[in-house]
Amino acid sequence: RDHASCTRPPLPDFDVDDETVTFNLPVSDDRPLYVWKSNFEVDDAKLFDFTGIADIAPHGRFSIEIDVGDVITVSTVDSARKGSFDSKLPEFKPLFPLPYEDDFDSYDIGQEADYFSDQIGIFEIRPESEGSRSGNFVMRQMVPYLPIGGIAANCNRH
């Protein structure tokens with residue numbers, strides 16, 4: 001079974017087992033390490049379940065038993081708790097009109113539509129059929145070649 005379901009593309013099936021993981025930390029202070037465990041692969045999922053304080057040897061070594069599907073959190077913070085609050089959730093009032101639709105008929109040709117933002121490439125209002133001034137207007141990408149990304153190297157290879 002592919003236990004890395006968030007990996008894209010999915011991985012081929014593989015076997016995994018429970019295991020013990022051992023950590024060796026430099027000993028800089030005597031603060032305890034608090035351990036929480038979550039497992040999203042079991043029917044009765046316990047999320048951020050406090051399992052205790054790690055048993056740290058004097059030289060900074062400790063081990064944790066990890067079951068298949070576990071996500072472990074180890075922290076010096078002892079005040080972490082599962083989220084809760086006393087009041088009910090506030091009413092959802094979106095600032096953006098949902099559902100949103102636009103036929104692009106109110107824009108001039110070459111204009112960018114409201115609520116759209118170029119990421120890589122340029123989009124503008126164009127007639128559905130080039131040369132026509134009537135009919136359906138659409139958002140069309142106007143860059144015939146992949147542009148040079150400006151954020152980071154290789155940012156536009158996907």
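Residues numbered from 1 in each chain as written. Predicted model: local features only at pLDDT ≥ 70, side-chain atom pairs only at ≥ 80, totals over all residues. Heavy atoms only, no water.

Side note on the pattern of salt bridges
Then comes step 1: Under the defined criterion, the tally for this structure stands at 3 salt bridges.
Then comes step 2: Lysine 37 serves as the salt-bridge partner of aspartate 70, at 3.3 Å between the closest nitrogen and oxygen. In this pair, aspartate 70 is assigned in strand β5 (residues 70-75) and lysine 37 in strand β2 (residues 34-39), connecting sequence segments 33 residues apart.
Then comes step 3: As a salt-bridge pair, glutamate 124 and arginine 126 come within 3.3 Å of each other at their nearest N and O atoms.
Then comes step 4: Judged by relative accessible area, which is 18%, arginine 126 ranks as buried. (Salt bridge = Lys/Arg side-chain N within 4 Å of Asp/Glu carboxyl O. Helix = DSSP H or I, 4+ residues; strand = E, 2+ residues; numbered from the N terminus. Buried < 20%, exposed > 50% of the residue type's maximum accessible area, 1.4 Å probe, protein only.)

Observations regarding the packing of aromatic side chains
The geometry of an aromatic ring pair is captured by the separation of the ring centres together with the interplanar angle, meaning the angle of the planes.
Then comes step 1: For the structure on display, the rule yields 9 aromatic pairs.
Then comes step 2: Ring plane angle 45° and centroid distance 6.4 Å describe the contact between tyrosine 34 and tryptophan 36, whose orientation is recorded as tilted. Tryptophan 36 shares its class with tyrosine 34; the two are buried. (Phe/Tyr/Trp six-rings, centres within 6.5 Å; stacked < 30°, edge-to-face > 60°.)

Points about the pairing of strand β6 (residues 123-127)
Then comes step 1: Buried residues dominate β6, accounting for 4 of its 5 residues.
Then comes step 2: Pairing geometry for β6 and strand β7 (residues 137-141), over 5 bridges, is antiparallel. Directly across from glutamate 124, in β7, lies its bridge partner arginine 140. (Pairing = 2+ DSSP bridges.)

As for the sheet that holds β5
Whether parallel or antiparallel, the strands of a sheet pair through hydrogen bonds between backbone atoms.
Then comes step 1: Taken together, 3 strands build an open sheet; the order of strands is β3-β2-β5 and the sheet is antiparallel. The outermost strands of the open sheet, each flanked by one partner alone, are β3 (49-53) and β5. Taking each pair of neighbouring strands and ignoring which way they run, the sheet shows an average axis angle of 25°.
Then comes step 2: Looking at chain direction, β2 and β5 are connected through 6 bridges and run antiparallel. Among the inter-strand pairings, tryptophan 36 is bridged to a residue of β5, identified as threonine 73. (Axes fitted to C-alpha atoms, helices over the stretch in contact; angles between N-to-C directions.)

Side note on a negative patch on the surface
Then comes step 1: Residues Asp13, Asp15, Asp17, Asp18, Glu19 and Glu65 make up a contiguous surface patch of negative charge.
Then comes step 2: Mapped onto the fold, aspartate 18 is located in the segment before β1 (19-24). (Patch = residues over 30% accessible without salt bridge, like charges linked within 9 Å, V, L, I, M, F, W, Y side chains within 5 Å. Areas by Shrake-Rupley, 256 points an atom, 1.4 Å probe, with all protein chains shown as cover. Lys, Arg positive; Asp, Glu negative; His and termini not counted. Charge placed at Lys NZ, Arg CZ, Asp CG, Glu CD.)

With respect to the environment of valine 138
Then comes step 1: On the secondary structure map, valine 138 appears in strand β7.
Then comes step 2: Residue classification places valine 138 among the partly exposed residues on the basis of a relative accessible area of 23%.

Examining the confidence of the model for the protein chain
Then comes step 1: For the protein chain, mean pLDDT is 79; residues scoring 70 or higher make up 77% of the total.
Then comes step 2: Within the protein chain, no element has a lower average pLDDT than β7, which sits at 86, and none a higher one than β1, at 93. (pLDDT = per-residue confidence, 0-100.)

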